[in-house]
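The primary structure of each chain is shown beneath.
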Number of protein chains: 4
Amino acid sequence: MKGYAMLKIGETGWIEKDRPKCGPRDAIVRPTALAPCTSDVHTVWEGALGDRHNMILGHEAVGIIDEVGSEVQDFKPGDEVLVPAITPDWDTEACQRGFPSQTGGACGGWKYSNFKDGVFGEFFHVNMADNNLAILPEGMSREAGVMIVDMLSTGFMGAENAAIELGATVAVLGIGAVGLSAIAGARLEGAGRIFAVGTRPISVEVAKKYGATDIVSYKNGDTAEQILEATGGAGVDAVIVAGGGPEILLDAFKMAKAGSKIANINYFGKGQGDKDTVPIPRIDWGFGMADKDLITGLCPGGKTRMERLADLVTYGRVDPTLMVTHTFKGFDKIEEALFLMKEKPRDLIKPVVLLE
Amino acid sequence: MKGYAMLKIGETGWIEKDRPKCGPRDAIVRPTALAPCTSDVHTVWEGALGDRHNMILGHEAVGIIDEVGSEVQDFKPGDEVLVPAITPDWDTEACQRGFPSQTGGACGGWKYSNFKDGVFGEFFHVNMADNNLAILPEGMSREAGVMIVDMLSTGFMGAENAAIELGATVAVLGIGAVGLSAIAGARLEGAGRIFAVGTRPISVEVAKKYGATDIVSYKNGDTAEQILEATGGAGVDAVIVAGGGPEILLDAFKMAKAGSKIANINYFGKGQGDKDTVPIPRIDWGFGMADKDLITGLCPGGKTRMERLADLVTYGRVDPTLMVTHTFKGFDKIEEALFLMKEKPRDLIKPVVLLE
Amino acid sequence: MKGYAMLKIGETGWIEKDRPKCGPRDAIVRPTALAPCTSDVHTVWEGALGDRHNMILGHEAVGIIDEVGSEVQDFKPGDEVLVPAITPDWDTEACQRGFPSQTGGACGGWKYSNFKDGVFGEFFHVNMADNNLAILPEGMSREAGVMIVDMLSTGFMGAENAAIELGATVAVLGIGAVGLSAIAGARLEGAGRIFAVGTRPISVEVAKKYGATDIVSYKNGDTAEQILEATGGAGVDAVIVAGGGPEILLDAFKMAKAGSKIANINYFGKGQGDKDTVPIPRIDWGFGMADKDLITGLCPGGKTRMERLADLVTYGRVDPTLMVTHTFKGFDKIEEALFLMKEKPRDLIKPVVLLE
Amino acid sequence: MKGYAMLKIGETGWIEKDRPKCGPRDAIVRPTALAPCTSDVHTVWEGALGDRHNMILGHEAVGIIDEVGSEVQDFKPGDEVLVPAITPDWDTEACQRGFPSQTGGACGGWKYSNFKDGVFGEFFHVNMADNNLAILPEGMSREAGVMIVDMLSTGFMGAENAAIELGATVAVLGIGAVGLSAIAGARLEGAGRIFAVGTRPISVEVAKKYGATDIVSYKNGDTAEQILEATGGAGVDAVIVAGGGPEILLDAFKMAKAGSKIANINYFGKGQGDKDTVPIPRIDWGFGMADKDLITGLCPGGKTRMERLADLVTYGRVDPTLMVTHTFKGFDKIEEALFLMKEKPRDLIKPVVLLE
């Protein structure tokens, strides 16, 4: 079968591979909608995960089941499914500890285009199908579905980790698709005022639709200062870090109240030279005593998560298709969509490739 | 000064009382908007709090500050303020334990028309003004404000105590003003599907606007059965009990999943005869082992709560005025509004009396 | 093979059955230590689970693995293991929701002597061996091990659900083995003062060793009154209900502070006649508003739980063998041990049967 | 009156000051036991709080009430009291948000020897006496009492923030008095295995008594490597950072499991040059996605906290006097005790000065 792959760091291309094999609890899926992710760009062009050779890319997909293993009970060939970007092995110790995304080691639930071939193939493999897949609900578009599996799940996790009290004030740093999802998530978690920090007009527009009440741009000066000023010096109850370089936590801690959460959903995929550390500001952290907590996590996967997020779309709580700015048709358009993600033109939030 | 009072159990009327005295941290407020509450009805006609003589009624008010004590720093005469129904003494042990509404004993934060004269007077007293009052935000109507101080705060607490995961399925039992607020709160906490159990058309309409996706009526059979059937036998992740008689928990536990929260915001103000207990169903509780937790609380008060809820209104997250079905003008209309609350005509959700 | 079984409600005896079959992820275990549980008594003589015919009893065991399925990776025949009383199917929806003990429906994680044969056989079956079993640590006695799998796990869950703040005051109602484990758990969770309510001298002695600071007996009057008096009227921060009849929650709510948790680990295995409900006291519950939460659950199972509890024993945090008052040797002593549990002589806390 | 003060950065001495004035809710206290703290050393010799002139030092005290304000109800002259190091204004917004130690801004609950004169005077001032003081329980030694007010409260907070599950494995970095208190706290929160990282023999001995099961020394190599090796590569469920320089978080994140808490109670009182940041290791943080959360806080104060910690001592859950290695008698010995703290001889954990 054909797949679009990372050939080595910095290089991509079409390759031929064997169709993946289906274990007793697994499924083989044929994609019907795919989306490239910024982390694909990190993986290929920044070598964020280290070197990989001829590994099929992609981890955002909706598809139709082509084959199921002998023990799979909830699905059959022909079912169209949401495929979470993160597919934990649910029978591991990390799950019993409450951290399924960290199955088998740090970020071990992230398998696609990391430990195994991704979803940009004619077929792809799903481990523990009964635990990881969810039916694409009747009436839900594939564009909506493919935005759920990573963007919404990651962005919403940022809002969940921010422990937002009803009516609390929140800042979201970065308004790419994950940041926009975090804004929608903050509204869903009951935020009152929401500051969105970003500049791209296309994103600003969606940010407002998703619930942002104030748009803050670096062009008008230090963004933390602007937010402190807008809140009368108080700062915000929670910050969701959804973008930015290695220094972004300096801003986050500066604008956060003493007594707040800083929820990171930024992928620090690029080293910063010799020290390769991420700095926290000592003073704005209150010398380690200001009750400003730094919370992290990896996109939650699994069937229940997918079903619940799908319900939010079904019942009109959020419309993820607002983030889909570019739609391609046909399997061979994956390359174009990925390069679009890499180049990030001004009018882009997220491209989707429809296959059928 | 004049006030509308409970004369004794079962009897109300206008009385004359001295203007309340202002301690150093207190304020005296002149109401500008008032609302009667179902619990005023419980207090008078069911004797829920025991006997009271010549106690001015009411605990839902917006007003203008007339006088402040010598130590009050944040307010001055002329400020228009939200007055929370619950006004804790913030310097008590219960606050340090994290339960301000239980200050000085069970439900001790509920002072108005319970331990002291309520707000249905020409003036009323506010303890610890700096801690309890919040400015009525510019642009907010008095009708909206007076719905915040008890209805939203109580209903939202139900949703908070229900520990709603994003996309979870929730049932709200009862669609009076508190139940409707719980529906709005469930949506603000990220619920997906929301069952509203109730029948009054005026309430059903608002329930849908606030986020209810399914309306369940007892007229179509056992409500728990209906919800179990609608969820394929699974039941719901959370139940908010916002109305009903002493047997209502039987329904709640029946429709709740093993692994769920039952958040009570119903005021069990009326005894049920000899035993005077509230029954939990032994089997549907899983013999005490089904991870169905019964959570309770009393309406949160205080300045921060009021400010945050006000922000939710200001930033368009919820419109509490949808619940105001009847508006009266003039102090002398309090009696009519209270009797309306007692009689509950079909077209009533909540009456408000505007004074200026 | 031979097994000691419930023949029907009210009757037990030895039966012959086929050795259980081992699925690919399962194990077959030969017991080396067994203990009967009060719930075995409920099951047989009160028909708590409904009728069962020729079902082998027992759910507390340590044993040696005799056979493992083809997919089992962490265990091999000859390994001696802790077998949790509750053995969830870890690949079910309830686990993803965070309630593994409720797998497949209310209390569905409880399989032994409920949905399948229990551990009182020459061999017994373990589902999902890699997820449910844990190695009996070197140096740990079988008596200690068999006390971990249900008694400690259930009692400790009571303490966990009680949300005990460091230094908080706790009451434990009932000082059978589960209540004693709850006392030890409350101490492990950081309780200061611990009231133990019970009278049996053998239990009182262990209660003190486990951390009880005050012993309260019904012989000296109403136990709730005694605890209220001992706390200057304040009551306790948490109550763990570990015994008592259907009316026990009346006591629990009476002695609990406004702002407290009531954690139930009592098995309400016996109906109370027509209504078959468990009553909550309306007034002591603050009419449903006193922030007294009723939390429940079913004994947590699984490998991680077993390993962590084993660590507590290994590192000397708790000595569960203090509860073992009677030791029998030989498989045929199961009957005697069970009847001892049924009769509860004054010098009994818990009997153990050692098989090798 | 006389007091021992910071004269300016790097210089201390005895000064004369007016006796503090007592507001209506305040108390004036005469110390009976005092202890210097490492943070006094930071304040004076590292200028951690910035310059201060003629500010009386000290924030750890037990004392006898000399005067109370007109509104104080719970105390009278002659009462001997525990004085928490942190004395929030309980009527501020931060308290309603749940962060009393951050009252009036970051770390604003820390008043003694920060915003006002400390406790090393003949008399000192206590704000909101009814909310902040607690009676020294009958039978409790002053040495025990003065260890509660900061050391236990801070160390225990570290254990609380570490969210320790029963039987979890914990590492405590640093075994000064705060680290030792964190070890005791981890045991009180139910930790199984506890790694203590440190080398001073006097501290190692107390660490073991407080519950440490493994002592790790940098002299045997990289401490994180040692802990990883001792746990079979798994790492620990929680790390409490109770000492170390600016690079200490590198160790903490390295030894923490994916899915863990890192609770900081280290006072990063000293800058690290130009950048003045505290580094997190990018890779060991899982690029920001490994569910390793960094939690912070400032020593909890207030009456309820003091009473609960006192109960833990009263009921024998912890003996804080094991940390008192040096005892001085007489007010004039404060200087010697402070310099001892500065020099940290090998046999020192904590000095106490008894005044009566």
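This structure is a prediction, so every number in the text was calculated from the model and none was measured.

Colleague: Help me out: how do you make sense of the interface of chain D and chain A in this one?
Modeller: Frequently, the measure chosen for interface size is the accessible area removed from exposure when the parts meet. Chain D puts 46 residues into the contact, and the matching count from chain A is 46 residues. Counting across the chain D and chain A interface gives four salt bridges. The salt bridge involving Glu93 of chain A is made with Lys257 of chain D; its shortest N-O contact spans 3.8 Å. Inspection of the region where chain D meets chain A yields 27 residue pairs in polar contact (both at pLDDT 80 or more). Sorting the residues of the side of chain D that touches chain A by element identifies helix 2 (93-97), helix 8 (248-255), strand 13 (256-264), strand 14 (277-281) and strand 15 (292-295) of chain D as the ones contributing at least two each.

Colleague: What should I look at first to understand the relation of the copies chain D and chain A in this one?
Modeller: Comparison of the two chain copies shows a relationship of rotation about an axis with a shift along it. Expressed as a screw transformation, the operator carrying chain D onto chain A has a rotation angle of 180 degrees and an axial translation of 0.0 Å, and the superposed copies differ by an RMSD of 0.0 Å. In short, the pair behaves as if placed about a two-fold rotation axis.

Colleague: Quick question: what am I supposed to make of the interface of chain B and chain C here?
Modeller: Counting residues at the interface gives 46 residues for chain B and 46 residues for chain C. Buried area between chain B and chain C, summed over both chains or domains, comes out near 3,800 Å², and the portion from carbon and sulfur atoms is 57%. The largest per-residue losses of area from chain B upon contact with chain C belong to Arg282, Trp285 and Met289 of chain B, which jointly make up 18% of the total buried on that side. Between chain B and chain C we count four salt bridges in total. Taken together, the connections running from chain B to chain C amount to 27 residue pairs in polar contact (both at pLDDT 80 or more). Of all the elements in the fold, those that place two or more residues in the side of chain B that touches chain C are helix 8 (248-255), strand 13 (256-264), strand 14 (277-281) and strand 15 (292-295) of chain B.

Colleague: Got a minute to help me understand the sheet that holds strand 1 (residues 2-8) of chain A in this structure?
Modeller: Sheet strands associate in pairs through backbone hydrogen bonding, adopting either a parallel or an antiparallel arrangement. All names here are of chain A. The strand order across the open sheet formed by three strands is 2-1-4, and the pairing between neighbours is antiparallel. Across the chains shown, the open sheet's two edge strands, defined by having one partner strand only, are strand 2 (11-16) and strand 4 (55-56). Strands strand 1, strand 2 and strand 4 of the sheet are contacted by helix 1 (residues 38-45), whose axis makes an angle of about 100 degrees with strand 2.

Colleague: Which parts of the structure should I look at to understand the state of the cysteines?
Modeller: Disulfides are covalent bonds that link the sulfur atoms of two cysteine residues. Inspection of every chain in the model, using the stated rule, returns zero disulfides over all chains. The thiol of Cys299 of chain A is not disulfide-bonded; the next cysteine sulfur, from Cys37 of chain A, is found 9.1 Å away. Left unpaired, Cys107 of chain D is separated from the closest cysteine sulfur, that of Cys299 of chain D, by 11 Å.

Colleague: What is the right way to read the side chain of Ser260 of chain D from this model?
Modeller: When you line up the elements, Ser260 of chain D lands in strand 13. There is a polar contact of 2.7 Å between the side chain of Ser260 of chain D and the backbone oxygen of Lys257 of chain D. Residues within four places of Ser260 of chain D in sequence aside, it is in contact with Phe99 of chain A together with Val236, Asp237, Asp291, Lys292 and Asp293 of chain D.

Colleague: Just checking my understanding: could you explain the domain arrangement of chain A for this structure?
Modeller: Residue and element names in this part refer to chain A. Domain boundaries assigned for chain A yield domain 1 (2-152 + 299-354) and domain 2 (155-296). Inter-centroid distance (C-alpha atoms) of domain 1 to domain 2 is 27 Å. Counting residues at the interface gives 28 residues for domain 1 and 22 residues for domain 2. Summed over the shared surface of domain 1 and domain 2, the number is one salt bridge. With a closest N to O distance of 3.0 Å, Glu160 and Arg305 form a salt bridge. On the surface where domain 1 and domain 2 come into contact, there are 10 residue pairs in polar contact (both at pLDDT 80 or more). Mapped by element, the contributors of at least two residues to the side of domain 1 that touches domain 2 are helix 1, helix 4 (142-161) and helix 9 (303-314). Considering only residue class, the side of domain 1 that touches domain 2 consists of 16 nonpolar, three polar and nine charged.

Colleague: Where do I start with the relation of the copies chain B and chain C in this structure?
Modeller: Superposition of chain B onto chain C requires a rotation of 180 degrees combined with a translation of 0.0 Å along the rotation axis, giving an RMSD of 0.0 Å. Of the residues that chain B buries at the interface, 98% are likewise interface residues in chain C, meaning the two copies contact each other through the same surface.

Colleague: Help me understand the pairing of strand 16 (residues 324-329) of chain A, please; the structure alone is not making it clear to me.
Modeller: Side chains on a regular strand alternate between the two faces of the sheet. Residue and element names in this part refer to chain A. Examined bridge by bridge, strand 16 and strand 17 (residues 350-354) share five bridges and lie parallel to one another. Note on strand 17: the bridge partner recorded for His326 is Pro351. After leaving strand 16, the chain enters helix 10 (residues 334-343) and then returns to the sheet as strand 17, a path that is right-handed.

Colleague: What is the right way to read unusual backbone geometry from this model?
Modeller: In the Ramachandran plot, Phe287 of chain B falls in the positive-phi region, its phi being about 55 degrees despite a non-glycine side chain. As for its placement among the helices and strands, Phe287 of chain B is situated in the loop between strand 14 and strand 15.

Colleague: Explain the packing of helix 7 (residues 223-230) of chain D against helix 8 of chain D here, please?
Modeller: The description of two packed helices rests on the angle between their axes and on the distance between the axes. All names here are of chain D. At a minimum axis distance of 9 Å, the contact between helix 7 and helix 8 shows a crossing angle of 15 degrees. It follows from the interaxial angle that helix 7 and helix 8 lie roughly parallel. Here helix 7 runs over helix 8; the crossing is right-handed. Facing helix 7, whose interface residues are Thr223, Ala224, Glu225, Ile227 and Leu228, helix 8 presents Asp251, Lys254 and Met255.

Colleague: Looking at this structure, I do not really get the pairing of strand 2 (residues 11-16) of chain D. What am I missing?
Modeller: Residues and elements named next belong to chain D. Bridge count for strand 1 (residues 2-8) against strand 2 is six bridges, and the pairing is antiparallel. Among the inter-strand pairings, Ala5 is bridged to a residue of strand 2, identified as Gly13. The turn linking strand 1 back onto strand 2 is made up of two residues, and Gly10 within it adopts a positive phi angle of 90 degrees.

Thresholds, definitions, all that
- Residues numbered from 1 in each chain as written.
- Chains lettered and ligands numbered in written order.
- Predicted model: local features only at pLDDT ≥ 70, side-chain atom pairs only at ≥ 80, totals over all residues.
- Heavy atoms only, no water.
- Contact = heavy atoms within 4.5 Å.
- Salt bridge = Lys/Arg side-chain N within 4 Å of Asp/Glu carboxyl O.
- Polar contact = N/O pair within 3.5 Å; in protein donor to acceptor, adjacent residues only side chain to side chain.
- Helix = DSSP H or I, 4+ residues; strand = E, 2+ residues; numbered from the N terminus.
- Least-squares fit on C-alpha atoms with pLDDT ≥ 70 in both.
- Buried area = accessible area lost by both parts, 1.4 Å probe.
- Pairing = 2+ DSSP bridges.
- Axes fitted to C-alpha atoms, helices over the stretch in contact; angles between N-to-C directions.
- Disulfide = S-S within 2.5 Å.
- Domains from an automatic or database assignment.
- Nonpolar A, V, L, I, M, F, W, Y, C, P; charged D, E, K, R; others polar.
- Right-handed = clockwise from strand over helix to strand, strands pointing away.
- Parallel < 35°, antiparallel > 145°, perpendicular 65-115°, else oblique.
- Left-handed = near helix turned anticlockwise from the far one by under 90°.

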